[in-house]
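# Reading the structure
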Amino acid sequence: MRLRNVKGSREAIADSEYTVSSPEEQKGRWNHIFANENPVHIEIGMGKGRFITELAVMHPEINFIGIEKYSSVLVRAVDKRKELDINNLMFVRMDAEYIENVFAENEVSKIYLNFSDPWPKDRHAKRRLTSRQFLARYDKILKRDGTIEFKTDNRDLFDFSMEEVPAAGWSVIEYTYNLHDSQMAVGNIMTEYEERFSSMGNPIHKMVIKRNDKSA
């Protein structure tokens, strides 16, 4: 998908009080950013921020960090954030490949992956956010009892992910190939992509995974 460049988006993000410009410096001390000891949940590839913003409003007892590498998309979330009277949501512009440089061991309680880039060519498999390479990165930052929630409408990516999870030493807690017609739909918050794809009749797939005990 080609993204339209938004003039001034990088500057707006850099100037915003809701973005962390040097996230590597906060590794191991995100509790200082939020000034509390609440759990930290992150969304990798948050897009325009609808999902994580709604979560933050609903759960003031949790600190949320939205991660997005495209300035032209992230700036939309920053604009929305200005209108909210909350103190538990921050943003970071970065590539997920460097996630372990930003969070310390056991610093994250939950990771959300929503409608990630499928990278359909086989030679790009390791770039998929549910690949064993990325699961190894998450393993370094997630708490021992932490979980990952993954949603997509891409069946090939979901099948790939179902195979990668056990190969990486993780387990699937629960999954569905049709989220909106399952028990997992209870409390579901839709992303922008989810609403669009659902309106087209595309079934949404979801899994919740955790590390095996021996890997934790």
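Below is a summary of the structure that appears in this document.

Calculation notes
- Residues numbered from 1 in each chain as written.
- Predicted model: local features only at pLDDT ≥ 70, side-chain atom pairs only at ≥ 80, totals over all residues.
- Heavy atoms only, no water.
- 1 Å grid on protein atoms, 1.4 Å probe; cavity = no way out; pocket = protein on both sides within 12 Å on 5 of 7 lines; lining within 4 Å.
- Points joined across faces, edges and corners; volume = space filled by probe spheres on them.
- Nonpolar A, V, L, I, M, F, W, Y, C, P; charged D, E, K, R; others polar.
- Buried < 20%, exposed > 50% of the residue type's maximum accessible area, 1.4 Å probe, protein only.
- Helix = DSSP H or I, 4+ residues; strand = E, 2+ residues; numbered from the N terminus.
- Pairing = 2+ DSSP bridges.
- Right-handed = clockwise from strand over helix to strand, strands pointing away.
- Axes fitted to C-alpha atoms, helices over the stretch in contact; angles between N-to-C directions.
- Contact = heavy atoms within 4.5 Å.

### Re empty space enclosed by the protein
All told, the structure shown has one cavity of 30 Å³ or more when counted by the stated rule. In terms of residue class, the lining of the largest cavity is made up of seven nonpolar, two polar and no charged.

### What to know about the pairing of strand S2 (residues 63–68)
With respect to burial, S2 is a largely interior element, six of its six residues being buried. Alternating residues of S2 divide into Asn63, Ile65 and Ile67 and Phe64, Gly66 and Glu68, and every residue in both groups is buried. In this structure, strand S1 (residues 40–44) lies alongside S2, joined through five bridges in parallel fashion. Pairing of Val40 across the sheet is with Asn63, part of S2. A crossover links S1 with its parallel partner S2, the connecting element being helix H3 (residues 50–58), and its sense is right-handed. As paired strands, S2 and strand S3 (residues 89–93) are joined by five bridges and run parallel to one another. Across the sheet, the residue bridging to Phe64 is Leu89, located in S3. On the question of chirality, the crossover connecting S2 to the parallel S3 by way of helix H4 (residues 71–81) is right-handed.

### Concerning the environment of Lys69
Checked against the element boundaries, Lys69 lands in the loop between S2 and H4. With 23 residues separating them along the chain, Lys69 and Met46 place their C-alpha atoms 9.1 Å apart.

### A few points about the sheet that holds strand S6 (residues 170–176)
Overall, mixed pairing links the seven strands, which are arranged S3-S2-S1-S4-S5-S7-S6 in an open sheet. Here the strands that pair on one side only, and so sit at the sheet edges, are S3 and S6. Within this sheet the neighbouring strands show an average axis-to-axis angle of 20 degrees, counted without direction. Summarising the sheet, S1 and strand S4 (residues 108–114) pair through four bridges and their orientation is parallel.

### Some thoughts on the side chain of Gln26
In this structure, Gln26 sits in the loop between helix H1 (9–15) and helix H2 (30–34). With residues up to four places along the chain from it excluded, the contact list for Gln26 reads Val20, Ile33, Val102 and Glu107.

### So, the layout of surface pockets
In this structure, the second largest pocket encloses a volume near 230 Å³. Leu55, Tyr112, Glu149, Gly187 and Lys206 are, among the 15 residues lining the second largest pocket, the residues nearest its centre. Class assignment for the residues of the lining of the second largest pocket results in seven nonpolar, four polar and four charged.

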